[in-house]
2 protein chains.
Amino acid sequence: MTITLSTHDIAAEELPLEEQAYRRLRQALVEGVFTPGEKLSIRRIAEALGTSPMPARTALRRLATEQALDALPSGTVLVPRLTRAAFQEVSAIRAELEPLAIRLAAGRVDAGTLDALAAVVAEQDAARAAGRPELCLQKDREFLFGLYRRAGAPMLLGIIEALWLRRGPLFWEARWIVMGSPPEAAHRHGPILAALRRGAGEEAARELKAEIERMTAFLSGALQFEGEAPARPRAMRARA
Amino acid sequence: MTITLSTHDIAAEELPLEEQAYRRLRQALVEGVFTPGEKLSIRRIAEALGTSPMPARTALRRLATEQALDALPSGTVLVPRLTRAAFQEVSAIRAELEPLAIRLAAGRVDAGTLDALAAVVAEQDAARAAGRPELCLQKDREFLFGLYRRAGAPMLLGIIEALWLRRGPLFWEARWIVMGSPPEAAHRHGPILAALRRGAGEEAARELKAEIERMTAFLSGALQFEGEAPARPRAMRARA
DNA sequence: GGCCGGTCTTTGTGATCACATTTTTACGGT
DNA sequence: ACCGTAAAAATGTGATCACAAAGACCGGCC
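The rules we used
Residues numbered from 1 in each chain as written. Chains lettered and ligands numbered in written order. Predicted model: local features only at pLDDT ≥ 70, side-chain atom pairs only at ≥ 80, totals over all residues. Heavy atoms only, no water. Near = heavy atom within 4 Å. Polar contact = N/O pair within 3.5 Å; in protein donor to acceptor, adjacent residues only side chain to side chain. Helix = DSSP H or I, 4+ residues; strand = E, 2+ residues; numbered from the N terminus. Expected span 1.5 Å × (residues − 1). Buried < 20%, exposed > 50% of the residue type's maximum accessible area, 1.4 Å probe, protein only. Least-squares fit on C-alpha atoms with pLDDT ≥ 70 in both. Contact = heavy atoms within 4.5 Å. Nonpolar A, V, L, I, M, F, W, Y, C, P; charged D, E, K, R; others polar. Pairing = 2+ DSSP bridges. Axes fitted to C-alpha atoms, helices over the stretch in contact; angles between N-to-C directions. Parallel < 35°, antiparallel > 145°, perpendicular 65-115°, else oblique. Left-handed = near helix turned anticlockwise from the far one by under 90°. Buried area = accessible area lost by both parts, 1.4 Å probe.

An unreviewed UniProt entry lists chain A under the name GntR family transcriptional regulator, with Belnapia arida as the source organism.

Shown next, in the form of structure tokens:
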């Protein structure tokens, strides 16, 4: 099976091939093009990218460095399958850093930005109502990162992106479960926006932290992780 | 001027050259082998490493990806000079993540480990008294990372390491100032250890957060950052 | 039928080369 | 002495090649 990697608006400028490869792979990861556990071989990626193996190799290495991909001791690289512990670790880090980003952003957003973000929230709700999980997740990202970018903290933004990158494949695979989360756990960003409008950055940060923790708790129970027995079918103990 | 990169205990096993290059550069960065602003060219590093340019290129790229090095648009890579804003950003992230690591580690350390860490603290105090800043900073790292490693959170550890990597060259250059910080700002890890012995992880985390914030406040005032006029010599406004 | 051994393929690694671009150096004019 | 320009050196990028190790596949043997 040959894979296709969208060019989107990345190759627009005259960036080095390696940088293009990096960005396209990054986006493909977020978009769920790859399945958790899938092996990504240098030559195959290079072919999909239409380049020599060299840029693909560098790009894969970079992704592996920021833990967006797992590297086997043999050097082979694959899309990570989050274990339960890893998922909870990512969540714990997010629960610290993303509220920080909100606090930093709080003092810098203007009313126009907040209006634009309110529109995104509305679109997200519409997508949820329409039963379109991929759109719903996309709007979720759009809202949060729209805010994080306003924090004026490039390093922080990069770290948060890396965390999402790692969580990406799992969320994509489980997108129906994620979207079907009960109201008390769902990402409803209304309260955050309201707090920001009041200039209450600290409160908005607390709200987001609670949101992340609620969703983590829900998914910890609802998701089936790597190496764990399927939830429903009882017993069925025999396995190779 | 030719640079020398210590092999230390890195090349011990049969790791890929690229991985060795990556680790040696990483360590060199922490050890202050490079000056902030210094340009690191692929071929020069390759020569210092005794390899072809290829492993050096990949290693430098990886370091640049995790922001341990800055990349010019031309592709040239250099040791970052922290601006005041960047320093404060790193500190803010540290103030969130390192206490988290302490909380996670609190439930997993045994008495033996705490004893070993107490010895490190004693060594650090001795180094400070002896006026040996490099040893003092090394012991500081040893203590904190000894703890962080116990958190059992590999991703968190990787992120924290990356933050220290970025802060490394600045701290090294300013090591006399760092070590000469007043008692109320200095890194005194006694209280943290005491809290951990009582099993009060939350308290230890608060203690560390306060420590980081105190040191940040002190250095923000004491350090001279990139692009800022020297503190003492007044006026001297004329410049090219 | 299941397990083992060998072969053939695929994979990652690293070196070398060619090329375009940037950066430095040196020179000549003002 | 200063500055702009051209020549020269150095630099990053990417392709290709050779090699060793890991993996897949197939046939034969117990």
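We are not done yet, so read on.
(A) Expanded view of the protein's contact with DNA strand C. The immediate surroundings of DNA strand C are formed by 19 residues, with Arg 43, Arg 57 and Arg 61 of chain A together with Leu 17 and Ser 52 of chain B found nearest. Interatomic distance of 2.3 Å between a backbone N/O atom of Leu 17 of chain B and a phosphate oxygen of DNA strand C. In this structure, Glu 18 of chain B approaches DNA strand C through a main-chain N or O atom, which is 3.4 Å from a phosphate oxygen. Of all elements in the fold, only helix H2 (42-49) and helix H3 (53-65) of chain A together with helix H1 (17-30) and helix H3 (53-65) of chain B reach the threshold of two or more residues within the surface near DNA strand C.

(B) Layout of H3 of chain A. All names here are of chain A. Helix length check: H3, at 13 residues, gives a terminal C-alpha distance of 18 Å against a target of 18 Å (1.5 Å per residue), a fit within 8%. For H3, every residue scored as buried is listed here: Pro 55, Ala 56, Thr 58, Ala 59, Leu 60, Arg 62, Leu 63, Ala 64 and Thr 65. Downstream of H3 by a residue or two, Gln 67 has a phi angle that is positive, lying close to 65°.

(C) Spotlight on the relation of the copies chain B and chain A. The operation relating chain B to chain A is a screw motion whose rotation component is 180°, with 0.0 Å of axial translation and a residual RMSD of 0.1 Å. Accordingly, the operation relating the two chain copies is best matched by a two-fold axis. No C-alpha of chain B lies nearer the rotation axis than that of Arg 62 of chain B, which sits 2.7 Å from it. A share of 100% of interface residues in chain B that are also interface residues in chain A marks the association as one of identical surfaces.

(D) Region of the structure containing the protein's contact with DNA strand D. With respect to spatial proximity, 17 residues lie near DNA strand D, and among them Leu 17 and Ser 52 of chain A together with Ile 42, Arg 43 and Arg 57 of chain B are the closest. Here the atoms of DNA strand D within 4 Å of the protein split so that 55% fall in sugar or phosphate, with bases taking the remainder. At 2.3 Å from a phosphate oxygen of DNA strand D is found a main-chain nitrogen or oxygen belonging to Leu 17 of chain A. Residue Arg 61 of chain B places a side-chain N or O atom 3.0 Å away from a phosphate oxygen belonging to DNA strand D. When residues of the surface near DNA strand D are traced back to their parent elements, those giving at least two are helix H1 (17-30) and H3 of chain A together with helix H2 (42-49) and H3 of chain B. Here the residues of the surface near DNA strand D are counted per class, giving 8 nonpolar, 5 polar and 4 charged.

(E) Here's a closer look at the sheet that holds strand S2 (residues 70-71) of chain A. Residues and elements named next belong to chain A. Here we have 3 strands laid out as an open sheet, ordered S1-S3-S2, and antiparallel in their pairing. Each having just a single partner strand, strand S1 (39-40) and S2 make up the two edges of the open sheet. Relative to strand S3 (residues 77-78), S1 runs antiparallel, the two being bridged by 2 bridges. Paired with Leu 40 across the bridge in S3 is Val 77.

(F) Fine view of the packing of helix H5 (residues 111-129) of chain A against helix H6 (residues 133-149) of chain A. All names here are of chain A. Remark: H5 packs on H6, axes separated minimally by 8 Å, with the N-to-C direction vectors making an angle of 160°. With respect to each other, H5 and H6 are oriented roughly antiparallel. Crossing geometry of H5 relative to H6 is assigned as left-handed. Residues Leu 117, Val 120, Val 121, Glu 123, Gln 124, Ala 127 and Arg 128 of H5 form the contact with H6, whose own contacting residues are Leu 135, Cys 136, Lys 139, Asp 140, Glu 142, Phe 143, Gly 146 and Leu 147. Residues of the contact of H5 with H6, tallied by class, amount to 8 nonpolar, 2 polar and 5 charged.

(G) Here's a closer look at the interface of chain B and chain A. With 26 residues of chain B in contact, the opposing surface of chain A contributes 26 residues. Both faces combined, the contact of chain B with chain A buries some 2,200 Å², and carbon together with sulfur accounts for 67% of it. Considering only the side of chain B, the residues that lose the most area to chain A are Glu 89, Glu 96 and Met 155 of chain B, jointly responsible for 29% of the buried surface there. Run the count over chain B and chain A and you get 10 residue pairs in polar contact (both at pLDDT 80 or more). Residue assignment for the side of chain B that touches chain A shows that the elements contributing at least two residues are H1, H3, helix H4 (84-106) and helix H7 (154-173) of chain B. Ranked by the residues each element gives to the side of chain B that touches chain A, the list is headed by H4 of chain B, at 9 residues.

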